[in-house]
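Observations on chain architecture
Now for the letters of each chain:
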Amino acid sequence: MSAAGDSIPEVESRNVAQFFGGKRAFKIPDYQREYAWEEEQVEALCTDLQGFFDSDEPYYMLGQTIIAQNADLNDKSRYQFAVVDGQQRLTTLFLFVMAARDQLKALELNPAQLQVVEVLTNMLRFIDDADGQAVARLKSNESGNSYLADLLRGDELPIEGHSTETQRNIAENFTYIRSFLKDKFVTSEALTSFVQKL
């Protein structure tokens, strides 16, 4: 039972495009632990997503993400939501969307497939109405944010010399996801169909 004045949290079910849609942006607060997922967890997620793609199931329960209003006044105007729980999965999904965008851009695409690339790009960033600047949908902690920004621009990350666990895991997991997508979805049609089901 809730005390007078307590609000009941809203629970919503969303696909990946809906979650990373609209004018929403998410910040991983500095108090959160490092991005710690390694190849084992990323491989399990990729295998689950491929299994979902190969199935006739209408949806796949990816797990919960708990977000709250961002209390950091320095970032509140652009990053309305703070990730309370689910940052490992959310960061990995963000890497997944970037890898899918990059993989599709490397293939010959028809006009409909080019629209899928645009949808993926919009899942990664939006244009702020106030100043016309592109805003990344996910802001990591300080050590990981520069790596996410590099990947958003399509830049390669260093293979070695990472100064934090977050940087190392972002670089290694992005490489793993990119290889997974190249190996499992070799044609633009297959990759486009996979992305659209998410």
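Let me sum up the structure you'll find in this document. (Residues numbered from 1 in each chain as written. Predicted model: local features only at pLDDT ≥ 70, side-chain atom pairs only at ≥ 80, totals over all residues. Heavy atoms only, no water.)

1. Quick notes on the overall build of the chain
- Broken down by element type, the chain carries 7 helices and 6 strands.
- Tracing the chain from N to C terminus, the helices and strands come up as α-β-α-β-β-α-α-β-β-β-α-α-α.
- With respect to the principal axes defined by its C-alpha atoms, the chain has extents near 55 × 45 × 40 Å.
- By the burial criterion, 42% of the 198 residues in the chain qualify as buried. (Helix = DSSP H or I, 4+ residues; strand = E, 2+ residues; numbered from the N terminus. Buried < 20%, exposed > 50% of the residue type's maximum accessible area, 1.4 Å probe, protein only.)

2. Description of the packing of helix 3 (residues 87–105) against helix 4 (residues 111–124)
- In the contact formed by helix 3 and helix 4, the axes pass within 9 Å of each other and the chain directions differ by 150°. Considered as vectors, helix 3 and helix 4 are oriented roughly antiparallel to each other. Here the hand of the crossing between helix 3 and helix 4 comes out left-handed. Contacts between helix 3 and helix 4 involve Phe94, Val97, Met98, Ala100, Arg101, Leu104 and Lys105 from the former and Val116, Val117, Leu120, Thr121, Met123 and Leu124 from the latter.
- Among the residues making up the contact of helix 3 with helix 4, the classes are represented as 10 nonpolar, 1 polar and 2 charged. (Axes fitted to C-alpha atoms, helices over the stretch in contact; angles between N-to-C directions. Parallel < 35°, antiparallel > 145°, perpendicular 65-115°, else oblique. Left-handed = near helix turned anticlockwise from the far one by under 90°. Contact = heavy atoms within 4.5 Å. Nonpolar A, V, L, I, M, F, W, Y, C, P; charged D, E, K, R; others polar.)

3. Observations concerning the environment of Phe53
- Here Phe53 shows up in helix 2 (residues 39–54).
- For Phe53, a relative accessible area of 22% puts it in the partly exposed group.
- Here the alpha-carbon distance between Phe53 and Leu198, two residues 145 residues apart in the chain, equals 8.1 Å.
- Phe53 has contacts with Phe185, Ala190, Ser193, Phe194 and Lys197, leaving out every residue within four places of it along the chain.

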